[in-house]
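Coordinate inspection notes
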Amino acid sequence: MTTSLEETTVTNPDIRKIPLEDRDDIIVCENVYKWFGDFCAVNDVTMSVKRGEVVVIFGPSGSGKSTFIRMINRLEEHQQGKIVVDGIEMTNDLRNLDAIRREVGMVFQQFNLFPHLSVMSNITLAPQRVRHLPKAEADELAMSLLERVGIPEQAEKYPAELSGGQQQRVAIARALAMQPEIMLFDEPTSALDPEMIKEVLDVMRELADTGMTMLCVTHEMGFAREVADRMAMFDEGQLVEIDTPDHIFTNPTEARTQLFLDQIL
Amino acid sequence: MQSILYPGGIPLWRNVVFIQWVVQIISAIVVIAIVSGFIFNVANEIQDREIPFGFSFLDEAAQIPIGESVIQYDPSQSYLYGFTVAALNTVKASVLGVILATMLGIIIGVSRLSSNWLLSRLALVYIETFRNIPLLIQLLFWFLIILELPNVREGYVFFDAFYLNNSGFYLPWATPLGGFWPWAVLTVVGIVGAVLAFNYLQKRETETGQPSYPIIAGFVIFVVVTIIGLIIFTPLELVIPERQEGPFGRLQGGARWSGSFFALLIGLVVYTSAFIAEIVRAGIQAVNRGQTEAARSLGLNTNNSLRFVIFPQALRVIIPPLISQYLNLTKNSSLAAAIGYPDLVSVSTTMTQIAPAISLIGMVMVTYLAMSLFYSLVGNIYNRITRYAGVG
């Protein structure tokens with residue numbers, strides 16, 4: 001039995017066929033700021049993401065890229081500016097926040113699986129408690145997601161019994177179980193051994209094909225070149241430039257982008 | 001195995017297995033020699049110097065007064081009975097102390113983590129003050145305060161039911177009436193019903209996804225059944241301490257906690273709760289921040305994220321050191337002797353004036369050991385139930 005990712009996600013793969021400029025904005029950020037004490041972590045960022053778009057965010061460490069995507073589901077609070085996610089404005093209204101968090105899934109660098117729950121329970125917890133799915137339905141959903149990420153045989157194991165790559169794939173399945181419209185990836189492969197990076201990137205690549213809107217903070221430039229619609233360069237809290245991979249790799253507008261790419265490639 | 005240098009095999013003095021065996025055997029011989037030497041010596045001394053030893057005294061009348069007791073006692077009863085009375089006094093202080101210290105410790109530990117600056121600082125001051133002053137000093141402090149209180153006639157009164165003065169703390173207490181046993185049976189039925197309802201609703205919640213409020217339902221069933229039982233059977237009579245007519249203004253009815261017991265309880269609870277507060281704080285902080293973030297990013301609300309993600313992990317960290325604090329509290333209650341509470345140590349010490357000291361001290365040690373092992377057992381069972389694969 002194989003289940004396709006389309007059956008377990010709510011997004012529409014056909015959206016990838018529509019040109020970017022004809023799609024609506026799913027994330028809009030206007031003049032967003034965030035300070036930690038005196039340190040300005042995110043400095044006047046304005047950018048929008050189209051429905052079904054894959055945006056790779058890169059830049060030197062401490063450039064505010066993680067802080068920026070963590071603001072999209074309010075793990076960090078923006079202190080100035082405006083963030084709108086799928087038409088819902090990010091305010092202090094708990095109802096808005098809950099609605100946004102239901103639409104936005106997140107994958108962390110350190111996986112953050114729940115160590116006291118089996119792989120299965122990790123995935124079914126939120127669908128059961130938040131979406132009130134019956135257990136049988138939640139289990140079925142979890143199994144099909146596990147098949148999709150390629151590890152159905154690990155369902156009854158505990159996170160500590162899995163390899164890093166397997167754990168990260170469970171984390172992706174867990175986030176997908178809430179059937180989000182948007183997925184945020186915060187350096188999903190940085191904590192992985194080299195041979196496990198590919199298995200996670202493969203899952204992400206397939207996910208992009210389903211029409212999922214994705215924001216990925218990553219240093220995997222091969223993945224970016226191949227999958228990203230646009231790439232955003234962050235430095236010192238600012239959005240330096242955002243453009244197609246073609247432009248960024250061959251002819252970046254900003255010297256800072258060129259400098260950073262020279263350092264890592 | 002053949003070796004080039006020693007065709008016959010590895011020489012014994014380089015053989016790791018052989019060395020380990022030799023070390024094992026030598027240490028076993030040393031331990032046996034020391035222990036048997038000790039026992040032999042003690043037995044000899046007891047015989048030679050005619051030190052009294054044995055347990056035949058246990059049946060004899062103890063002839064010593066015990067100031068307060070959980071069960072009826074008078075000095076004509078046996079040593080064994082007197083010893084039991086004293087042990088129960090220790091158990092009373094330990095059990096009440098453990099319950100109250102846990103509740104207070106959790107409140108202070110959580111306050112310590114509060115985002116409210118004032119609350120968190122107050123908790124810090126409380127913790128650092130009470131865990132850094134020796135318990136004996138604290139017991140004497142509370143005891144002196146109670147001694148300095150006004151007398152029975154002029155002491156403090158709370159809600160016309162609680163009296164605090166230099167002869168102790170008077171509080172309302174329930175005494176059983178004729179309907180007690182039928183009520184007790186009905187209450188047990190209520191508890192069983194509550195547990196069944198909890199299990200059923202919990203299962204329903206997981207199976208169907210519909211919120212079914214198992215905790216609330218179980219609690220309501222228990223409370224309703226208990227109250228119905230109270231109305232039908234009138235099992236208990238709540239006796240409120242009342243002031244007698246007359247010049248001394250004595251109090252009658254209810255329960256009286258003596259000044260020394262009250263001071264002991266306050267001292268143990270305050271001292272231990274400071275340690276428990278730190279354990280609770282450490283337990284909650286030990287759960288990785290990423291866990292909260294993951295729960296939140298999945299859309300779980302605070303309630304569910306605490307119930308299903310944070311608490312199950314924090315409790316695993318909290319329980320072992322918490323049990324260790326329960327053991328400390330129980331053993332520390334032996335300081336009661338300093339403020340005149342008739343606990344196990346103080347009563348046994350009085351008994352040694354006539355009865356053989358070695359036997360009594362042995363009995364006291366075994367009793368404390370039994371109590372401590374009981375707490376440890378409960379803790380270990382809990383840990384075994386909540387262990388999960390791959391960790392610890």
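Residues numbered from 1 in each chain as written. Chains lettered and ligands numbered in written order. Predicted model: local features only at pLDDT ≥ 70, side-chain atom pairs only at ≥ 80, totals over all residues. Heavy atoms only, no water.

1. Re the pairing of strand E4 (residues 80-85) of chain A
Along any regular strand, the residues point their side chains to alternate faces of the sheet. Residues and elements named next belong to chain A. Here is the rule: Strand pairing is defined by DSSP finding a minimum of two bridges between the two strands. A run of H or I in DSSP becomes a helix once it reaches four residues, and a run of E becomes a strand once it reaches two; helices and strands are each numbered from the N terminus.
Relative to E4, strand E1 (residues 25-36) is paired through 5 bridges, and the arrangement is antiparallel. Residue Ile 27 lies in a different strand from E4, and its bridge partner there is Val 85. Inspection of the sheet shows E4 paired to strand E5 (residues 88-89) by 2 bridges, in the antiparallel sense. Following the sheet pairing, Val 85 is matched in E5 by Ile 88.

2. Some points on the side chain of Ser 305 of chain B
The line we're drawing: Residue exposure (1.4 Å probe, protein chains only): buried if accessible area is under 20% of the type maximum, exposed if over 50%, otherwise partly exposed.
Summarising the element assignment, Ser 305 of chain B is placed in helix H9 (residues 302-332). Looking at Ser 305 of chain B, the relative accessible area reads 7%, which means it is buried.

3. Quick word on the interface of chain B and chain A
Convention followed: In what follows, residue pairs with any heavy atoms lying within 4.5 Å of each other are defined as contacts. The term buried area means the drop in 1.4 Å probe accessible area that two parts suffer when joined, counted for both and summed. Throughout this description, the term salt bridge denotes a Lys or Arg side-chain nitrogen within 4 Å of a carboxyl oxygen of Asp or Glu. For this scheme, ten residues count as nonpolar: Ala, Val, Leu, Ile, Met, Phe, Trp, Tyr, Cys and Pro. Four count as charged, namely Asp, Glu, Lys and Arg, and the remainder, Gly too, count as polar.
Between chain B and chain A, the residue contacts involve 26 residues of the former and 29 residues of the latter. Across the chain B to chain A interface the summed buried area is about 2,500 Å²; carbon plus sulfur atoms make up 61%. Counting the contacts that link chain B with chain A gives 2 salt bridges. Of all elements in the fold, only helix H5 (180-208), helix H8 (289-297) and H9 of chain B reach the threshold of two or more residues within the side of chain B that touches chain A. In terms of residue count, the dominant contributor to the side of chain B that touches chain A is H8 of chain B (7 residues). Classifying every residue of the side of chain B that touches chain A gives 11 nonpolar, 11 polar and 4 charged.

4. With respect to unusual backbone geometry
Residues and elements named next belong to chain A. Phi at Asn 31 takes a positive value of approximately 45°, unusual for a residue other than glycine. Structurally, the position occupied by Asn 31 is in strand E1. Within the chain, Phe 111 stands out as a residue other than glycine whose phi angle is a positive 65°. The topology assignment puts Phe 111 in the loop between strand E6 (104-107) and helix H4 (119-129).

5. Let's talk about the side chain of Ser 167 of chain B
Residues and elements named next belong to chain B. Rule in force here: Two N or O atoms count as a polar contact when they lie within 3.5 Å, although within protein this holds only if one can serve as hydrogen donor and the other as acceptor, and sequence-adjacent residues are included solely when both atoms are side-chain atoms.
In this fold, Ser 167 is placed in the loop between strand E2 (162-165) and strand E3 (168-171). Side-chain polar atoms of Ser 167 contact the side chain of Tyr 170, separated by 3.0 Å. Residues in contact with Ser 167, not counting those within four places in the same chain, are Val 152, Arg 256, Trp 257, Ser 258 and Gly 259.

6. Quick notes on the state of the cysteines
Residue and element names in this part refer to chain A. Test applied: In what follows, a disulfide is any cysteine sulfur pair within 2.5 Å.
Counting across every chain of the model gives 0 disulfides over all chains. For Cys 29, which is in no disulfide, the shortest distance to another cysteine sulfur is to Cys 40 and amounts to 15 Å. The buried category is assigned to Cys 29, whose relative accessible area is 1%.

7. Some details on the packing of aromatic side chains
Defined as follows: In summary, the pairing rule links any two rings of Phe, Tyr or Trp, Trp by its six-membered ring, whose centres are within 6.5 Å, and it sorts them by plane angle into stacked for under 30 degrees, edge-to-face for over 60 and tilted for everything else. Whether a charge sits over a ring depends on NZ of Lys or CZ of Arg being within 6 Å of the ring centre and within 35 degrees of the ring normal.
Using the criterion set out here, one finds 18 aromatic pairs over all chains in the structure. Measuring from ring centre to ring centre gives 6.0 Å for Phe 58 of chain A and Phe 260 of chain A, while their planes differ by 35°; the resulting arrangement is tilted. Here Phe 260 of chain A lies in helix H10 (residues 255-264) and Phe 58 of chain A lies in strand E3 (residues 54-58), a separation of 202 residues in the sequence. By the burial criterion, Phe 58 of chain A is buried, and Phe 260 of chain A matches it. Considering the side-chain rings of Phe 57 of chain B and Tyr 79 of chain B, the 5.3 Å spacing of their centres and the 75° angle between planes classify their relative orientation as edge-to-face. Linking Phe 57 of chain B in the loop between helix H1 (16-48) and helix H2 (79-112) with Tyr 79 of chain B in helix H2, this pair joins segments that are 22 residues apart in sequence. Taken together through their ring pairs, the aromatic side chains of Phe 162, Phe 169, Trp 257, Phe 261, Phe 262 and Tyr 341 of chain B make up a single cluster. Over the aromatic face of Phe 114 of chain A sits the side chain of Arg 174 of chain A, whose NZ or CZ is 4.6 Å from the ring centroid. Taking NZ or CZ as reference, Arg 225 of chain A lies 4.2 Å from the ring centre of Phe 249 of chain A, over its face.

8. Considering the sheet that holds E1 of chain A
Pairing is antiparallel across the open sheet formed by 4 strands, whose spatial order is E2-E1-E4-E5 (chain A). In the strand order of this sheet, the two ends are held by strand E2 (39-50) and E5 of chain A, each with one partner.

9. A word on the packing of H2 of chain B against helix H3 (residues 117-131) of chain B
All names here are of chain B. The test is simple: Structural elements are reduced to axes, namely lines fitted to C-alpha atoms, with helices fitted over the stretch in contact, and the angle between N-to-C directions of any two is expressed from 0 to 180 degrees. What sets the label is the angle itself: under 35 degrees gives roughly parallel, over 145 gives roughly antiparallel, 65 to 115 gives roughly perpendicular, and the rest give oblique. A clockwise turn of the near helix away from the far one marks a right-handed crossing, whereas an anticlockwise turn of less than a right angle marks a left-handed crossing.
Running from N to C, H2 and H3 cross one another at 130°; their axes reach a closest spacing of 7 Å. When the interaxial angle is binned, H2 and H3 end up oblique. Judged by the sense of rotation from one axis to the other, the crossing of H2 with H3 is left-handed. Every residue of H3 that contacts H2 at Leu 104, Ile 108, Ser 111 and Arg 112 is listed here: Leu 119, Ser 120, Ala 123, Leu 124, Tyr 126 and Ile 127. Its residues assigned to classes, the contact of H2 with H3 shows 7 nonpolar, 2 polar and 1 charged.

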